[in-house]
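Structural description and commentary
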Protein chains: 2
Amino acid sequence: MNVDFAKHAQVQAKLSTEAPLDPRIQALVNEVIARVADKWTMIIIDVLAEHGALRFTQLAGKVSGISQKMLTQTLRDMEREGLVTRTVYPVVPPKVEYQLTDLGLGLGAAFCGVWIWAEQNLEGIEQARMAYDARNQAR
Amino acid sequence: MNVDFAKHAQVQAKLSTEAPLDPRIQALVNEVIARVADKWTMIIIDVLAEHGALRFTQLAGKVSGISQKMLTQTLRDMEREGLVTRTVYPVVPPKVEYQLTDLGLGLGAAFCGVWIWAEQNLEGIEQARMAYDARNQAR
DNA sequence: CGGAATCCGGTACGATACTG
DNA sequence: CAGTATCGTACCGGATTCCG
């Protein structure tokens, strides 16, 4: 009811600037978004964007709450999509470094907007959540 | 090895502009990102940003590949986070409309960058994927 | 030693059938 | 029309084991 239609129009404009509503392209982009809009992928990109090249265990330490398996899996997927490079140094103890590619950096830059949005709207989301829970508790 | 460090620095700068590396805030933002960086959430936001208010079945039609269950669940979560409003019209046949809130619109706008990135780098990702698969096939 | 592959319990997901 | 309910499946996550 309290929706800002001006901002809405702005979003529409921005979207249609680059997306001329071609269904095929739309589907492809959707697929890419679906792949990339992953919980861990985003956080890993952020960590790598902040720290540069990192080793596996360093990465595991920075990305709190992730299991080794998911970290491995996510990194593999990201490598497949060309978001990170995986460099193995044949030394003992073994050393593997992960680093963002240009593609990954670009995604990181693009995702900055969302990051900033998340920061600025932390409270709003918290409030909405509490309001929703209160509403549901009542019934 | 072919990483653009200038762009890297730019990403860092952008990130540190609004994120002064406070661990607590970082964790909260991470949590929000993790919630919001969902495959379906993003696509639904995009569809709603494009079309305005939509009914359940319309939404189901526009978001190809989603099941009723996930659509319901995702919409509920989004409502809880304050991203969409759910309006029930007490008529027969029943009618429920979903619409982005200001918060949701903001997220849509913030996500535009990622959307554009996805479009511009479709080919790059496709190439990276094929190269990776070829590499893996060889071994 | 650090990183990846393996097994297994839990949970989230998809398809179908059923209410208001 | 807009969901809930149920059930089978596939994926997620933890602990363990294996490889270089």
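Notes on the structure in this doc start here. (Residues numbered from 1 in each chain as written. Chains lettered and ligands numbered in written order. Predicted model: local features only at pLDDT ≥ 70, side-chain atom pairs only at ≥ 80, totals over all residues. Heavy atoms only, no water.)

Focus: helix H6 (residues 102-120) of chain B
- Spanning 19 residues, H6 of chain B covers 27 Å between terminal C-alpha atoms, matching the ideal 27 Å at 1.5 Å per step.
- Among the 19 residues in H6 of chain B, 14 count as buried, and that is most of the element. (Helix = DSSP H or I, 4+ residues; strand = E, 2+ residues; numbered from the N terminus. Expected span 1.5 Å × (residues − 1). Buried < 20%, exposed > 50% of the residue type's maximum accessible area, 1.4 Å probe, protein only.)

Notes on the nonpolar core
- With 72 residues, the main nonpolar core has Ile-33 and Trp-117 of chain A together with Ile-33, Ile-44 and Trp-117 of chain B as its most contacted residues.
- Ignoring anything within four residues of it in the chain, the contact list for Trp-117 of chain B reads Val-32, Val-36, Leu-83, Leu-103, Gly-106, Leu-107 and Ala-110 of chain A together with Ile-125 of chain B. (Core = buried A, V, L, I, M, F, W, Y, C linked by side-chain atoms within 4.5 Å. Contact = heavy atoms within 4.5 Å.)

Section: the protein's contact with DNA strand D
- Contacts to DNA strand D come from 17 residues, most closely from Lys-69 and Met-70 of chain A together with Thr-57, Arg-86 and Tyr-98 of chain B.
- The protein-proximal atoms of DNA strand D, defined as those within 4 Å of the protein, are 74% sugar or phosphate.
- Contact distances for DNA strand D include 2.3 Å between a phosphate oxygen and a side-chain N or O atom of Thr-57 of chain B.
- Between Pro-94 of chain B and DNA strand D, the recorded distance is 3.3 Å, taken from a backbone N or O atom to a sugar or linking oxygen.
- Of the residues belonging to the surface near DNA strand D, the class tally is eight nonpolar, five polar and four charged. (Near = heavy atom within 4 Å. Polar contact = N/O pair within 3.5 Å; in protein donor to acceptor, adjacent residues only side chain to side chain. Nonpolar A, V, L, I, M, F, W, Y, C, P; charged D, E, K, R; others polar.)

Focus: the relation of the copies chain A and chain B
- Once chain A has been moved 0.0 Å along the axis and rotated by 180°, it coincides with chain B to within an RMSD of 0.1 Å. Here the transformation between the copies is reduced to the relation of a two-fold axis. Using C-alpha coordinates, one finds that chain A approaches the rotation axis most closely at Ala-37 of chain A, a distance of 2.5 Å.
- When the interface residues of chain A are mapped onto chain B, 99% of them again lie at the interface, so the same face is used by both copies. (Least-squares fit on C-alpha atoms with pLDDT ≥ 70 in both.)

Section: the pairing of strand E2 (residues 84-89) of chain B
Residues and elements named next belong to chain B.
- Across six bridges, E2 lies against strand E3 (residues 95-100) in antiparallel orientation. When the sheet's bridge partners are listed, Arg-86 is paired in E3 with Tyr-98.
- Taken together, E2 and the strand that follows it, E3, pair antiparallel across an intervening segment of five residues. (Pairing = 2+ DSSP bridges.)

So, the protein's contact with DNA strand C
- The environment of DNA strand C is made up of 16 residues, and the closest members are Phe-56, Thr-57 and Arg-86 of chain A together with Lys-69 and Met-70 of chain B.
- Phe-56 of chain A places a polar main-chain atom, nitrogen or oxygen, 3.5 Å from a phosphate oxygen of DNA strand C.
- Between DNA strand C and Ser-67 of chain B, the relevant distance is 3.1 Å, taken from a phosphate oxygen to a side-chain nitrogen or oxygen of the residue.
- Contributions of two or more residues to the surface near DNA strand C are made by helix H4 (56-62), helix H5 (68-80) and strand E3 (95-100) of chain A together with helix H5 (68-80) of chain B.
- The element contributing the most residues to the surface near DNA strand C is H5 of chain A, with four residues.

Comments concerning the environment of Thr-72 of chain B
Residues and elements named next belong to chain B.
- Along the chain, Thr-72 falls in helix H5.
- Residue class for Thr-72 comes out partly exposed when judged on its relative accessible area of 32%.
- Thr-72 sits 16 residues away from Phe-56 along the chain, and the two C-alpha atoms are 8.5 Å apart.

A word on the sheet that holds E2 of chain B
All names here are of chain B.
- Pairing is antiparallel in the open sheet, where three strands are placed in the order E1-E3-E2. Two strands in the sheet have a free side with no partner beyond their single neighbour: strand E1 (54-55) and E2.
- Contacts between H5 and the sheet are confined to E2 and E3, with E2 contributing the most and set at about 115° to the helix. (Axes fitted to C-alpha atoms, helices over the stretch in contact; angles between N-to-C directions.)

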